[in-house]
Amino acid sequence: MRLIDHFIAGGTGGVAPARKSPVYDPNSGVVQAEVALGDAALLDRAVAAAQAAQPAWAATNPQRRARVMFNFKALVETHMDELAALLSSEHGKVIADSKGDIQRGLEVVEFCCGIPHVLKGEYTQGAGPGIDVYSMRQPLGIGAGITPFNFPAMIPLWMSAVAMATGNAFILKPSERDPSVPMRLAELWLEAGLPDGIFQVVHGDKEMVDAILDHPAIGAVSFVGSSDIAHYVYNRGVAAGKRVQAMGGAKNHGIVMPDADLDQVVNDLAGAAFGSAGERCMALPVVVPVGEDTAERLRAKLIPAIAALRVGVSTDAEAHYGPVVTAEHKAKVEGWIAKCAAEGAELVVDGRGFTLQGHESGFFVGPTLFDHVTPEMDSYHNEIFGPVLQIVRAKDFEEAVALPSKHQYGNGVAIFTRNGHAAREFAARVNVGMVGINVPIPVPVAYHTFGGWKRSAFGDTNQHGMEGIKFWTKVKTVTARWPDGSPDGGNAFVIPTMG
Ligand code: NAD
């Protein structure tokens with residue numbers, strides 16, 4: 001059986017792992033590899049390599065660090081087909097979607113190509129007599145990233161590119177369910193000119209996560225995953241004195257106003273609710289038509305659109321989406337479908353028991369549609385993370401704004417309308433971190449910033465853009481006085497002022 005080893009100091013872990021975890025091909029249900037599960041001793045080796053390499057990397061001028069980013073971007077583009085095939089083979093998303101996953105990560109690398117400009121500090125000449133004040137952003141030292149299965153390229157790149165461009169060493173603990181793409185990225189970083197020890201990969205489960213959270217030499221931890229674990233990671237990391245950002249789960253709503261272009265909405269919803277088998281934190285698993293007439297018209301158009309969806313293996317170029325990631329996850333999604341039906345919602349299209357001819361052991365779930373879902377239901381309150389769309393009917397705009405605003409999650413939300421005033425009101429008032437106006441998956445571009453509210457994110461700083469730069473650096477402010485030689489006559493015992 002192929003072993004996926006760690007990536008330490010520019011090479012593999014090199015010791016037989018005490019524990020391993022299976023990596024499946026979700027299309028066939030077959031175990032295709034095993035990933036080593038590391039422990040605190042393994043992490044110590046990665047930290048030692050990072051400590052050895054980071055000071056010289058931090059002292060490398062930002063323009064040279066940017067050149068590594070440029071080289072890496074070109075290399076990933078050259079290897080796009082290979083990386084996308086590898087990603088799809090472990091995750092199950094279709095190849096075109098895997099390319100999107102990689103491309104969205106690369107866009108953060110592109111942002112980091114401009115790091116010399118971004119790192120320019122503030123400067124005040126003449127803040128007082130002979131006094132200048134300036135600030136600089138310095139790296140934290142060693143940062144770690146703990147990432148989920150659903151974006152095995154994009155999310156590690158969100159974190160690592162910014163962390164490294166700003167002069168940190170970065171240790172990645174990717175999901176144990178699809179660990180191969182991060183390993184290829186590690187090799188490509190090296191080929192791009194990154195020194196050994198600046199990007200390393202340690203695999204593992206809770207044991208490794210705890211070792212990272214407790215390690216005194218790791219200054220910052222960026223986490224993306226489910227909310228309960230995000231909350232745990234945030235609390236434990238902060239208690240250990242680290243800077244922590246921990247992004248959690250989501251239940252994004254799409255509000256459909258009576259004046260919306262319903263054909264466009266249905267097209268957008270099909271992709272946003274069912275693309276990547278619904279395994280996206282910015283998926284739209286809840287649609288809120290405003291008014292009974294809108295609900296009826298939307299439902300009538302959704303049913304045939306769902307019937308036309310093609311579920312297939314991830315290499316099927318015609319497929320809209322592929323299998324979910326594991327048999328366990330398939331069982332969980334099907335469990336939520338049963339629960340939602342038991343709670344009294346109308347099961348309009350049932351995706352349970354879906355099988356694909358020739359791939360009967362694959363982890364496929366058919367597209368599922370519920371109508372008359374209500375806010376009291378557990379299946380509404382919780383994240384399902386599968387190809388399941390729930391219709392929650394709202395009588396008016398106020399009720400529609402209140403639904404996502406009161407939900408425990410606040411990652412993304414979208415409104416579909418032709419009414420600029422309604423859209424503007426909605427964007428201003430809704431209690432959610434990322435808003436789309438006629439944009440179903442409003443993932444901000446790399447030079448803006450990504451982050452949800454409420455139980456979708458713990459900590460104050462978002463991913464990438466200037467928020468990412470802030471997260472991975474600390475500000476030092478220097479007040480410098482170059483006296484002209486004449487006595488200043490000040491009273492050294494009084495707090496100095498510039499007055
Ligand atoms: P997960 O929480 O199971 O795993 C995330 C990471 O935590 C993995 O690296 C995993 O190894 C580790 N982990 C698992 N169990 C742990 C434990 N008990 N203690 C410590 N660490 C543990 O998440 P997942 O299933 O891989 O990913 C899907 C989740 O991620 C969904 O909830 C989705 O909404 C969320 N997500 C959020 C965002 C966002 O930006 N808000 C983005 C992508 C995914």
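Basis of the calculations
- Residues numbered from 1 in each chain as written.
- Predicted model: local features only at pLDDT ≥ 70, side-chain atom pairs only at ≥ 80, totals over all residues.
- Heavy atoms only, no water.
- Helix = DSSP H or I, 4+ residues; strand = E, 2+ residues; numbered from the N terminus.
- Expected span 1.5 Å × (residues − 1).
- Buried < 20%, exposed > 50% of the residue type's maximum accessible area, 1.4 Å probe, protein only.
- Contact = heavy atoms within 4.5 Å.
- Pairing = 2+ DSSP bridges.
- Right-handed = clockwise from strand over helix to strand, strands pointing away.
- Salt bridge = Lys/Arg side-chain N within 4 Å of Asp/Glu carboxyl O.
- Domains from an automatic or database assignment.
- Buried area = accessible area lost by both parts, 1.4 Å probe.
- Polar contact = N/O pair within 3.5 Å; in protein donor to acceptor, adjacent residues only side chain to side chain.
- 1 Å grid on protein atoms, 1.4 Å probe; cavity = no way out; pocket = protein on both sides within 12 Å on 5 of 7 lines; lining within 4 Å.
- Points joined across faces, edges and corners; volume = space filled by probe spheres on them.
- Nonpolar A, V, L, I, M, F, W, Y, C, P; charged D, E, K, R; others polar.
- Near = heavy atom within 4 Å.
- Areas by Shrake-Rupley, 256 points an atom, 1.4 Å probe, with all protein chains shown as cover.
- Sits in = over half its atoms within 2 Å of the grid points.
- Axes fitted to C-alpha atoms, helices over the stretch in contact; angles between N-to-C directions.
- Parallel < 35°, antiparallel > 145°, perpendicular 65-115°, else oblique.
- Left-handed = near helix turned anticlockwise from the far one by under 90°.

A.B. asks: Describe in detail helix 2 (residues 62-78), supporting the description with residues and values.
C.D. replies: Taking 1.5 Å per residue as the helical rise, helix 2 with its 17 residues ought to reach 24 Å, and the 25 Å between its terminal C-alpha atoms agrees with that figure. All of the buried residues in helix 2 are Arg65, Ala66, Val68, Met69, Phe72, Lys73, Leu75 and Val76. On its buried side, helix 2 packs onto helix 1 (40-59), helix 3 (80-91), helix 4 (95-112), helix 5 (115-118), helix 6 (154-165) and helix 7 (180-191).

A.B. asks: Explain the pairing of strand 9 (residues 169-173) residue by residue, including any values.
C.D. replies: Counting buried positions along strand 9 gives five out of five residues, so the element sits mostly inside the fold. Here strand 9 shows two buried faces, one formed by Ala169, Ile171 and Lys173 and the other by Phe170 and Leu172. By the bridge criterion, five bridges tie strand 8 (residues 142-146) to strand 9 in an arrangement that is parallel. Paired with Ile146 across the strands is Lys173, a residue of strand 9. Regarding the hand of the β-α-β motif, the stretch spanning strand 8, helix 6 and strand 9 is right-handed.

A.B. asks: Which residues make up the pattern of salt bridges, and what values do they have?
C.D. replies: All told, the structure shown has 30 salt bridges when counted by the stated rule. Residue Asp101 is joined to Lys93 by a salt bridge in which the shortest nitrogen-to-oxygen separation is 2.8 Å. There is no split in this pair, since Asp101 and Lys93 are both buried. Overlapping salt bridges bring together Glu292, Glu296, Arg299, Glu346, Asp371 and Arg393 as one network.

A.B. asks: Give a detailed account of the domain arrangement of the chain, specifying residues and quantitative values.
C.D. replies: Taken domain by domain, the chain holds domain 1 (2-248 + 456-478) and domain 2 (253-437). Domain 1 and domain 2 are separated by 31 Å when their C-alpha centres are compared. The partner domain 2 presents 25 residues to the 20 residues of domain 1 that form the contact. When domain 1 packs against domain 2, the two sides together hide about 1,800 Å² of surface, and 58% of this comes from carbon and sulfur. In terms of surface lost to domain 2, no three residues of domain 1 exceed Asn27, Val94 and Ser456, which account for 30% of the buried area on that side. Across the contact surface, domain 1 and domain 2 share one salt bridge. The salt bridge involving Arg280 is made with Asp97; its shortest N-O contact spans 2.9 Å. If you look at where domain 1 meets domain 2, you find eight residue pairs in polar contact (both at pLDDT 80 or more).

A.B. asks: Residue-level account of unusual backbone geometry, with values.
C.D. replies: If you check the backbone angles, Phe385 has positive phi at about 60° while not being a glycine. Within the fold, Phe385 resides in the loop between helix 13 (378-381) and strand 17 (388-391). The exposure class of Phe385 is buried, given its relative accessible area of 15%. Unusually for a residue other than glycine, His464 sits at a positive phi of about 45°.

A.B. asks: So what about the layout of surface pockets? Which residues, and what values?
C.D. replies: Of the voids in this model, the largest pocket is the one considered here, and its volume is about 970 Å³. In terms of lining residues, the largest pocket is bounded by 34 residues, among which Arg177, Phe223, Gly225, Ser226 and Ile229 are the most central. Only helix 8 (206-214), strand 11 (220-224), helix 9 (227-239) and helix 12 (327-342) provide two or more residues apiece to the lining of the largest pocket. Considering every element that reaches the lining of the largest pocket, the biggest residue donor is helix 9, with four residues. For the lining of the largest pocket, the class distribution of residues is 12 nonpolar, 12 polar and 10 charged. Each of domain 1 (2-248 + 456-478) and domain 2 (253-437) contributes no fewer than three residues to the lining of the largest pocket.

A.B. asks: Can you break down the site of the ligand residue by residue, with the values?
C.D. replies: Neighbouring residues of the ligand: 29 residues in total, closest Lys173, Glu176, Ser226, Gly248 and Glu383. With respect to the ligand, the backbone of Gly225 contributes an N or O atom lying 3.2 Å from an oxygen atom. In this structure, an oxygen atom belonging to the ligand sits 2.6 Å away from a side-chain N or O atom of Glu383. Against a free-state accessible area of 840 Å², the protein chains account for coverage of 89% of the ligand. A majority-of-atoms criterion places the ligand in the largest pocket. Elements that contribute at least two residues to the shell around the ligand include exactly helix 8 and strand 11. Tallied by class, residues from the shell around the ligand come to 14 nonpolar, 10 polar and five charged. Here the shell around the ligand gathers at least three residues from each of two domains, domain 1 (2-248 + 456-478) and domain 2 (253-437).

A.B. asks: Break down the packing of helix 10 (residues 262-274) against helix 11 (residues 292-307) for me, citing the residues and quoting the values.
C.D. replies: Contact geometry of helix 10 with helix 11 gives a least axis separation of 10 Å together with a crossing angle of 55°. One finds that helix 10 runs oblique with respect to helix 11. Once helix 10 is placed against helix 11, the crossing between them reads as right-handed. For the pair helix 10 and helix 11, the contacting residues are Leu262, Asp263, Val265, Val266, Leu269 and Phe274 in the first and Thr294, Arg297, Leu298, Lys301, Leu302, Ala305 and Ile306 in the second.

A.B. asks: I'd like to hear about empty space enclosed by the protein, residue by residue, with values.
C.D. replies: In this structure the tally under the stated criterion is four cavities of 30 Å³ or more. Considered as a void within the structure, the largest cavity measures approximately 90 Å³ in volume. If you go around the largest cavity, you meet 13 residues; those closest to its centre are Ala250, Gly278, Pro285, Glu383 and Phe385. When the residues that make up the lining of the largest cavity are grouped by side-chain class, the tally is seven nonpolar, three polar and three charged.

A.B. asks: An account of the sheet that holds strand 16 (residues 368-371) is needed here, citing residue identities and associated values.
C.D. replies: The seven strands lie next to each other as 15-16-17-14-13-19-20, forming an open sheet whose pairing is mixed. Edge strands, defined here as strands with exactly one partner in the open sheet, are strand 15 (346-349) and strand 20 (434-437). Between one strand axis and the next, the sheet turns by 20° as a mean value, whatever way the strands run. By the bridge criterion, four bridges tie strand 13 (residues 253-256) to strand 19 (residues 412-416) in an arrangement that is parallel. Residue pairing for strand 19: Ile255 is matched across the bridge by Ile415. Relative to the sheet, helix 10 contacts strand 13, strand 14 (286-289), strand 16, strand 17 and strand 19, its axis offset from that of strand 17 by approximately 135°. On top of the sheet, helix 15 (residues 420-429) reaches strand 13, strand 19 and strand 20; it is set at about 165° to strand 19, its chief contact.

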